Amino acid sequence: MHFQWDWLCLGVLIIGSVTAEIENEEILGADVEVEDFDKQSQEADVDEDESSLGIVYQTPKPTGEVYFTETFDGVLTGWILSKTKKEDTDDNIAKYDGRWEVEELKENTVRGDRGLVLKSVAKHHAISTMLTKAFIFDNKPLIVQYEVNFQEGIDCGGAYIKLLSSSNDLNLEYFFDKTPYTIMFGPDKCGEDYKLHFIFRHKNPKTGEYDEKHAKRPDVDLKKFYLDKKTHLYTLVLKPDDTFEMLIDQTVVSKGSLLEDMVPPVNPPREIEDPADKKPDDWDERPKIPDPNAVKPDDWDEDEPSKIEDLDAVKPKGWLDDEPQYVPDPNAKKPKDWDEEMDGEWEAPQIPNPKCETAPGCGIWVRPMKNNPKYKGKWKAPMIDNPNYQGIWSPRKIPNPDYFEDSHPFEMTAVSAIGLELWSMTSDIYFDNFIICSEKEVADRWAADGWGLKKLVASANEPGMFSQLVTAAEDHPWLWVLYVLTLALPIGLGVLFCWPAKKTDEDIEFKKPAISKAITKGEIKQDREELEDDEIDLEEEKDNEDIVEDERREPEETKGELVKDTQKMEREASPSEDEGEGVEDIDEEEENGVADGGQEEGDKSNKSGSEDEVSSFPLFSSCLFPSSQF
């Protein structure tokens, strides 16, 4: 039973590990704990609505210096809808007339918490607002954080934000796709291409022109963030040491250097290929050439065909020369609407000749073709190394006239506004809880008060363990095997250890009491003769084999004891040789007496003799205790 409980505990541990894996995938290693929201509610002075879980929601408040925050919980002020049109686009869809609303989440609603929702499909949307104060890239990090929920999933569309560059002519009413921005960050998806953008516009110090620098794609599979209809937290951290991090739900999904991990690189190459350099006409790039000294052999016949008739072939027996391969279908009938003047003379469609099905072939027999052993083809000179080979030509390198070295690309153009300029084929994209700051602790506290509460409510509304296991198996089909093994293991162990075992014939015979049977004088004599025969065989075997003295002496003594025991049993079973010789039936009282005496003798031998001694008397035991009596 101890072994059984060990296996049952192992099964429980396996189930626990699967559940833990599912939870870990959902949490994605989040390292920020949701603290006591009741304590935070005492500090809030905004509207308080109680959720179905008894959690009191209050609008998050920043705990340090910030450049911008927006929760959309109150009156939407400061946000400006664009009134312009998108350039180089059809007039029917060029206008930024996509509708925005401020409303609660459709699922996992936290009463009192609202967000900005993109409502229109196949329309351009543009809305923006000024920051509380401009962010200047000097010696402080830039942290941008906000929440997104694709409430209806996403087919093709983005949910990224733009940090608009500071300028004297910035007018948010004319915010459109070509409005200068410093940073673009956030999720984007079209088809099966799932992206998380981080783009910054870098100014060329020599030309004054701006180029977009794109961060390399994250190695993480982003699909679930677009399809699970949950609120996810997107964070960008830019540091003065020219490094960056992108996080989803407070887990780093991509990080790198502004100098090394952007495409194209911030700094151009020092040298470039000379555009004026051209390959000389006599430049030889051929590593191999035909041997100019090679001569075609005199016996080389280029006119020989590659295939010739096989003259050794013989027409198979039974070949039907007079039967065509195809014949008109005898069951076909001319359609009623067939017009011979318009359609011509009607002919039945052709079908394979039925007579050819059992024959080797039909029609005129033609000899098959075979490879011509004399065929050599066109003669070509063998290839040799080119003595004039000069390698693959490439233009010479010259100093890059546009070269510059920006050792500190973090010093970007200051930003003074934030905007969303989006196109989507799916509606109800939810945005909430924007924050721009310089301290990670401030952003984490802001996340705990906003996104952390949504995550807590969503977790509480999660389906039961069974539904989670099924969902996990849909994403990872190999889990079905683990489920089956986990369920079968305790059942199999229970059957193995708890189900009553069948009693075999050997067990039944072993458990039967040993009952002695009366032995006749004839049986004892027969056994004695068999023992004497065995003794004779053993002595013959001793003469033929060279056996060690100790091993030879042991069977002699054993056989002697067997003879003595047999004689003793004979005397007990028959008082005199004259009485009962050849008698088959014995008085009932004598039979019981002999049986009892035999049983007592057997009990004594079992108690006093070892297992080895008992096993050395198989014949004697079978005589005293026949197998039918066990």
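Sequence order sets the numbering: in each chain, residues are counted from 1 along the sequence as written. It should be noted that, the model being predicted, local features are given only for residues of pLDDT at least 70 and side-chain atom pairs only at 80 or more, the latter also being counted only at that level, while totals for whole chains, interfaces and linings use all residues. Water and hydrogen atoms were dropped before computing side-chain values, which therefore reflect all heavy atoms in the structure.

You'll find the chain entered in an unreviewed UniProt entry as Calmegin, with Anas zonorhyncha given as the organism. Quoted verbatim from the Sequence similarities (unreviewed entry) field of the UniProt record, the comment on the chain reads "Belongs to the calreticulin family." UniProt positions are given in the numbering used here, feature names are shortened, and annotations may be inferred rather than shown by experiment.

K.L.:
An account of the overall build of the chain is needed here, citing residue identities and associated values.
P.N.:
Within the chain one finds 15 helices and 27 strands. Note on classification: 1.4 Å probe, protein chains only; a residue is buried when its accessible area is under 20% of the maximum for its type, exposed when over 50%, partly exposed between these limits. For the chain, with 630 residues in total, the buried portion stands at 34%. We call two residues in contact whenever any of their non-hydrogen atoms come within 4.5 Å of each other. Counted over contacts in the chain with a minimum sequence separation of 6, partners at least 24 positions apart contribute 77%. Taken as a whole, the chain presents about 39600 Å² of accessible surface, with 51% of it coming from carbon and sulfur. Helical segments are the DSSP runs of H or I of at least four residues, strand segments are the runs of E of at least two, and each set is numbered from the N terminus. Accessible areas in this description were obtained via Shrake-Rupley with a 1.4 Å probe; residue shielding takes into account the shown protein chains only.

K.L.:
Lay out the nonpolar core with the relevant residues and their values.
P.N.:
One finds Ile 183, Phe 198, Leu 238 and Phe 431 to be the most contacted residues of the largest nonpolar core, which totals 61 residues. For our purposes a nonpolar core is just a set of buried Ala, Val, Leu, Ile, Met, Phe, Trp, Tyr and Cys residues, chained together by side-chain atoms within 4.5 Å. If you look at the next biggest cluster of nonpolar residues, it comprises 9 residues, including Val 66, Val 237, Cys 437 and Ala 443.

K.L.:
I'd like a description of the environment of His 125, backed by residues and values.
P.N.:
Residue position: His 125 is located in strand β7 (residues 123-135). Each residue touching His 125, except ones within four places of it in the same chain, is listed here: Tyr 96, Gly 98, Arg 99, Trp 100, Leu 118, Lys 119, Ser 120, Leu 420, Glu 421 and Leu 422.

K.L.:
Tell me about the state of the cysteines, and please be specific about residues and values.
P.N.:
By convention in this document, the label disulfide applies to cysteine sulfur atom pairs within 2.5 Å. According to the stated counting rule, one finds 2 disulfides in the structure shown. Disulfide partner of Cys 156: Cys 190, at an S-S distance of 2.2 Å. Here the disulfide of Cys 156 and Cys 190 is left-handed, its torsion about the S-S bond being about -95°. Linking Cys 156 in strand β9 (residues 156-158) with Cys 190 in strand β11 (residues 181-190), this pair joins segments that are 34 residues apart in sequence. Relative accessible area serves as the criterion here: at 44%, Cys 190 is assigned to the partly exposed category. Bridging Cys 356 to Cys 362, the disulfide has an S-S length of 1.8 Å. One disulfide, between Cys 356 and Cys 362, carries an S-S torsion of -125° and so falls in the left-handed class. Neither residue differs from the other here; Cys 356 and Cys 362 are each classed as buried. Numbered by order of appearance in the sequence, the disulfide-linked cysteines of the chain pair as 1-2, 3-4.

K.L.:
Quick one: what's the story with the pattern of salt bridges, residue by residue and with numbers?
P.N.:
Basic side-chain nitrogens of Lys or Arg form a salt bridge, by our definition, when they fall within 4 Å of a carboxyl oxygen of Asp or Glu. Tallied over the full model, the rule gives 32 salt bridges. Across the salt bridge formed by Arg 396 and Asp 277, the nearest N and O atoms sit 3.3 Å from each other. Taken together, the residues span a long stretch of sequence, with Arg 396 in the loop between β24 (383-385) and β25 (397-399) and Asp 277 in the loop between β18 (271-273) and β19 (288-290) at a distance of 119 residues. Here Asp 277 falls in the buried class, since its relative accessible area comes to 17%. In the salt-bridge network here, residues are joined through shared partners; they are Glu 103, Lys 106, Lys 119, Glu 152 and Asp 428.

K.L.:
Tell me about the environment of Gly 64, residues and numbers included.
P.N.:
If you trace the backbone, Gly 64 turns up in the loop between β2 (56-57) and β3 (66-70). Among the residues examined, Gly 64 registers a relative accessible area of 32% and is labelled partly exposed. Each C-alpha atom of the pair Gly 64 and Ser 438 lies 9.3 Å from the other, and the pair is 374 residues apart in sequence.

K.L.:
With reference to specific residues and values, describe the side chain of Arg 201.
P.N.:
Checked against the element boundaries, Arg 201 lands in strand β12 (residues 193-203). Asp and Glu count as negative and Lys and Arg as positive, but His and the ends of the chain are not part of the count. For the buried Arg 201, which has no salt bridge, the nearest side chain bearing the opposite charge is Glu 212, at an N-O separation of 5.3 Å. Dropping the residues within four chain positions of it, Arg 201 is found in contact with Ser 165, Pro 180, Tyr 181, Thr 182, Tyr 210, Asp 211 and Glu 212.

K.L.:
Tell me about the packing of helix α6 (residues 440-449) against helix α7 (residues 451-460), and name the residues and values.
P.N.:
Contact geometry of α6 with α7 gives a least axis separation of 3 Å together with a crossing angle of 35°. Contacts between α6 and α7 involve Ala 447, Ala 448 and Asp 449 from the former and Trp 451, Gly 452 and Leu 453 from the latter. Polar here means any residue outside two lists: the nonpolar Ala, Val, Leu, Ile, Met, Phe, Trp, Tyr, Cys and Pro, and the charged Asp, Glu, Lys and Arg; Gly therefore counts as polar. When the residues that make up the contact of α6 with α7 are grouped by side-chain class, the tally is 4 nonpolar, 1 polar and 1 charged. Here an angle of 0 to 180 degrees is reported between the N-to-C directions of two axes, which are lines fitted to C-alpha atoms, with helices fitted over the stretch in contact.

K.L.:
Quick rundown of the environment of Asp 228? Include the residues and the values.
P.N.:
Along the chain, Asp 228 turns up in the loop between α4 (223-227) and β14 (232-238). Between the C-alpha atoms of Asp 228 and Gly 153, which are 75 residues apart in sequence, the distance is 7.2 Å. A 3.5 Å cut-off defines polar contacts: any pair of N or O atoms within that distance qualifies, except that in protein one atom must be a possible hydrogen donor and the other a possible acceptor, and neighbouring residues in sequence count only when both atoms are side-chain atoms. Only 3.1 Å separates the side chain of Asp 228 from the backbone nitrogen of Lys 230, close enough to count as a polar contact. At a separation of 2.9 Å, a polar atom in the side chain of Asp 228 contacts the side chain of His 232.

K.L.:
Account for the pairing of strand β10 (residues 161-165), with residues named and values stated.
P.N.:
Of all 5 residues in β10, 5 are buried, a share of seventy percent or more. By the convention used here, strands pair only if DSSP detects at least 2 bridges between them. Strand direction decides the pairing type here: β10 and β11, joined by 4 bridges, are antiparallel. Bridged to Leu 164 within β11 is Tyr 181. Where β10 lies against strand β26 (residues 415-424), 4 bridges are found, and the strand directions are antiparallel. When the sheet's bridge partners are listed, Ser 165 is paired in β26 with Val 415.

K.L.:
Can you break down the packing of aromatic side chains residue by residue, with the values?
P.N.:
The relative placement of two aromatic rings is captured by the distance of their centres and the angle of their planes. Aromatic pairs are defined between Phe, Tyr and Trp rings, using the six-membered ring for Trp, whenever the two ring centres lie within 6.5 Å; interplanar angles under 30 degrees are classed as stacked, those over 60 as edge-to-face, and all others as tilted. Under the criterion given, the structure shown has 16 aromatic pairs. Summarising the aromatic geometry, the rings of Phe 72 and Phe 434 are spaced 5.8 Å apart at their centres and angled 75° between planes, so their arrangement reads as edge-to-face. Of the two residues, Phe 72 sits in the loop between β3 and β4 (80-81) while Phe 434 sits in strand β27 (residues 429-437), which places them 362 residues apart along the sequence. A centroid spacing of 5.4 Å and a plane angle of 80° characterise the contact between Phe 137 and Phe 410, whose relative ring orientation is edge-to-face. Here Phe 137, found in the loop between β7 and β8 (142-150), pairs with Phe 410, found in the loop between β25 and β26; they are 273 residues apart in sequence, far enough to count as distant. Under the relative-accessibility criterion, Phe 137 is labelled buried at 6%. For Phe 410, a relative accessible area of 0% translates into the label buried. By the ring-pair criterion, three or more aromatic residues cluster together here, those being Phe 68, Phe 72, Trp 79, Trp 100, Tyr 146, Phe 185, Tyr 234, Phe 431 and Phe 434. A ring has a charge above it when a Lys NZ or an Arg CZ is no more than 6 Å from the ring centre and no more than 35 degrees off the ring normal. When the ring centre of Tyr 181 is taken as reference, the NZ or CZ atom of Arg 201 above it lies at 5.7 Å.

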